[in-house]
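Topology and contacts: notes
Here's the letter readout for the chains.
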Amino acid sequence: MPRAKRSLESAVTIDGFPLIWHLHREEQRLADQEWRGISIHVRVAEIVRRELFLEYPTTVAQKAGWMRIEPPRPTVTPTKVEEHIREAMAAGWNPDSRGKPFVYHVAELPS
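Model, not experiment: these values are computed from the prediction.

1. Quick word on the pairing of strand β6 (residues 52-55)
In summary, the side chains of a regular strand alternate between the two faces of the sheet. Of the two faces of β6, the one lined by L52 and L54 and the one lined by F53 and E55 are each fully buried. Both strand β5 (residues 39-44) and β6 contribute to a ladder of 4 bridges, which runs antiparallel. Across the sheet, H41 pairs through a bridge with F53, a residue of β6. Two elements, β6 and strand β7 (residues 102-105), share 4 bridges in a ladder whose sense is parallel. When the bridges of β7 are listed, L54 appears paired with Y104.

Printed below as a string of structure tokens:
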């Protein structure tokens, strides 16, 4: 039986933008036995603008065979998430623009 998703959420102001981020997805195994890391959703508070999804690498070592136990959940540190939001802004995400969500693949975990 899968574990319940954690309720992680925080509000932060970066470069004058009031932002709210929350845990969008825990680590999960896909149908082809590959693992997908956690995802954090970031949006501008109180108005609808372009959203950001921070996609993190998985903590599960890819190995052959079937795993019975769930992997330990990675810790999420708010200061690291803020740092990754700033990286996404430097990579081209503009919270004041409109359009489809911006997906930023982070190279390190949020801990």
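Right, picking up where we left off after that structure.
2. Considering the sheet that holds β7
Ordered in space as β1-β2-β5-β6-β7, the 5 strands form an open sheet in which the pairing is mixed. Only two strands of the sheet have a single partner each, and these edge strands are β1 (9-14) and β7. Strand-to-strand twist in this sheet, taken as the mean axis angle between neighbours without regard to direction, amounts to 25°. With 6 bridges connecting them, β1 and strand β2 (residues 17-25) associate as antiparallel partners.

3. Examining the environment of I40
Examined against the element boundaries, I40 turns out to sit in strand β5. Relative accessible area serves as the criterion here: at 0%, I40 is assigned to the buried category. In the structure, I40 is positioned 15 residues away from E55 in sequence and 6.8 Å away in space, judged by C-alpha atoms. Every residue in contact with I40, bar those within four places of it in the chain, is listed here: W21, H22, L23, H24, L52, F53, L54, Y56, V76 and V81.

4. Structural notes on the nonpolar core
If you look at the biggest cluster of nonpolar residues, it comprises 21 residues, and the most contacted ones within it are I40, V42, L52, L54, I85 and W93. Of all elements in the fold, only β1, β2, β5, β6, α1 (78-90) and β7 reach the threshold of two or more residues within this core. No other element matches α1, which puts 4 residues into this core. Beyond its immediate sequence surroundings of up to four residues, W93 is in contact with L19, V42, R50, E51, L52, I85, A88 and F102.

Conventions and cut-offs
- Residues numbered from 1 in each chain as written.
- Predicted model: local features only at pLDDT ≥ 70, side-chain atom pairs only at ≥ 80, totals over all residues.
- Heavy atoms only, no water.
- Buried < 20%, exposed > 50% of the residue type's maximum accessible area, 1.4 Å probe, protein only.
- Helix = DSSP H or I, 4+ residues; strand = E, 2+ residues; numbered from the N terminus.
- Pairing = 2+ DSSP bridges.
- Axes fitted to C-alpha atoms, helices over the stretch in contact; angles between N-to-C directions.
- Contact = heavy atoms within 4.5 Å.
- Core = buried A, V, L, I, M, F, W, Y, C linked by side-chain atoms within 4.5 Å.

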